[in-house]
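Observations on the model geometry
Letter by letter, the chains look like this.
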Amino acid sequence: MELTDQLLHQSRKPSEAQCPFDEMPQRDVVSWNTMLLGFRDVQNPEKAYNCFLKMMKHGSDPDELTFSVVITTLLNPEHRILIQQLYALVVRNLNTYLGPPLMRAYVSLGDRQGFLRNFDEIPVKDVVPYNVLILGYIESGHTWSTMINGYMKNKMINEARDLFQKLEIKDVVSWTAMIRGFAQCDKFVEALETFPWMMRTQTRPSRYTFSCVIDACAGSSSLVIGVQLHSWILKLGMTPHDVILPTSLVDMYAKCGEMESASMAFTSIPNKNLASWNSIIGGYARNGLASEALHQFDTMVRDGVLHHQCSFREKLFNSMKTKYGVQAEMKHYSCMVDLYGRAGELGKAEDLIKSMPFNLMSWFGVHCSGLVGCIHPRKWVESLHLNYRKWRKIILPYIMP
């Protein structure tokens, strides 16, 4: 067996090795791998795959080298189905040896989701999977900034910094990616230090750049720098045509305790979205101004920003005890039942009623009218007809002796 294997290794072409290979009385995994390597070297994927099938039928167990050779032989879009079949065979044993070839195969197929999935499935990664990841991003048309964002998203700050420093040309997009990444990783000082470094390179910041730096000011409560940035924005004529930049200013001032400035920044936003409202409401709440927070919430509802009010109030209700240690009272439960009723969430209303920690007869005596009032008068008849059995199921068990 060893002598025959040596002859196979010495043969430079599969055609020369085929004869001694066929004459072997017993073939082990080394013999099969030698033939597969030969077919790969002469770029003959069809014969390589057929050899792999014969190996499987022969009963020889393929090892990591076997799969690696077969996968790297099939780096062609026309072999998409074969790559997927091989993936199914090795997915439970992906490592730094099998993972990169499989990632490379999906890169050759132009399947971005495929090579990203393979990368995530490798339990312990060394430099090789990351190199293939970079190659995949490049070949799939993604920019260096996308790769920096990917590193930062996975908290790989040193890798992102190294990649950024290697860039010969750093544009505003790559600078912004670094600032945003530092802020997202709670490295607010690094984010604020990167901005003046960018300015020294004569790179003009964009609206999004300013928004990311202001977010870093908010995270570090750096009011002085935030005010300077706000003045700079005004001098550059970046009036609040969009929502992102002024919303960042609202959030920054609120987190620094300057609610008057936050209110002025909020008022300047022409088309407020849910994020804008959340920033000002959350700002008042964090600074102990509950009445102002509720007033802003009611104003938001009146302005028609209604699609998230149910989930928003639900989160507030659930956080009363878990986050703030406040025990919900009867009026709080009544408010939530009323809200669920208006939203048509009768199942949630029923579950909440059943979970009330006090006497339900007392609650119905005071608040049962809310079950009727929770439906708009114009829709009352229709709702009563459609939901009669549901409401009856909820109420009767608690009011019948």
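Being a predicted model, the structure only gives us computed values, none of them experimental. (Residues numbered from 1 in each chain as written. Predicted model: local features only at pLDDT ≥ 70, side-chain atom pairs only at ≥ 80, totals over all residues. Heavy atoms only, no water.)

Further remarks concern helix α9 (residues 127–139). Helix length check: α9, at 13 residues, gives a terminal C-alpha distance of 18 Å against a target of 18 Å (1.5 Å per residue), a fit within 8%. Every buried residue of α9 is listed here: P129, V132, L133, I134, G136 and Y137. The residue sitting at the N-terminus of α9 and contributing the capping side-chain oxygen is D126; that oxygen lies 3.1 Å from the backbone nitrogen of V128. (Helix = DSSP H or I, 4+ residues; strand = E, 2+ residues; numbered from the N terminus. Expected span 1.5 Å × (residues − 1). Buried < 20%, exposed > 50% of the residue type's maximum accessible area, 1.4 Å probe, protein only. Polar contact = N/O pair within 3.5 Å; in protein donor to acceptor, adjacent residues only side chain to side chain.)

Turning our attention to the layout of surface pockets. Here the second largest pocket defines a volume of roughly 330 Å³. The wall of the second largest pocket is formed by 18 residues, among which L116, Y137, G150, K153 and N154 lie closest to the centre. Of all the elements in the fold, those that place two or more residues in the lining of the second largest pocket are α8 (112–121), α9, α10 (144–153) and α12 (172–184). At six residues, the largest contribution of residues to the lining of the second largest pocket is made by α10. Residues belonging to the lining of the second largest pocket are distributed by class as follows: nine nonpolar, five polar and four charged. (1 Å grid on protein atoms, 1.4 Å probe; cavity = no way out; pocket = protein on both sides within 12 Å on 5 of 7 lines; lining within 4 Å. Points joined across faces, edges and corners; volume = space filled by probe spheres on them. Nonpolar A, V, L, I, M, F, W, Y, C, P; charged D, E, K, R; others polar.)

Right, let's get into α8. Along α8, the positions that sit buried rather than exposed are G114, F115, L116, N118 and F119. Turning to α8, the residues buried within the fold contact α6 (80–90), α7 (99–108) and α9. (Contact = heavy atoms within 4.5 Å.)

So, on to the confidence of the model for the protein. Of the residues in the protein, 72% reach a pLDDT of 70 or more, and the chain-wide mean stands at 76. The low-confidence segment residues 1–5 (pLDDT under 50) makes eleven contacts with residues lying over four places distant or belonging to another chain. (pLDDT = per-residue confidence, 0-100.)

With respect to the helices and strands, R286 occurs in helix α18 (residues 274–286). In contact with R286, not counting residues within four places along its chain, are D251, A254, K255 and S279.

Attention now moves to the packing of aromatic side chains. Summed over the entire model, instances satisfying the criterion amount to eleven aromatic pairs. Ring plane angle 70° and centroid distance 6.0 Å describe the contact between F210 and W232, whose orientation is recorded as edge-to-face. With F210 in helix α14 (residues 207–220) and W232 in helix α15 (residues 223–235), this pair connects stretches of sequence that are 22 residues apart. By relative accessible area, W232 is classed as partly exposed at 32%. Cluster of aromatic residues (ring-pair linked, three or more members): Y49, F52 and F67. Between R117 and the ring centre of Y87, over which it is positioned, the NZ or CZ distance is 4.6 Å. Directly above the aromatic system of Y106 lies the positively charged group of R117, at a separation of 5.3 Å from the ring centroid. (Phe/Tyr/Trp six-rings, centres within 6.5 Å; stacked < 30°, edge-to-face > 60°. Lys NZ or Arg CZ within 6 Å of the ring centre and 35° of its normal.)

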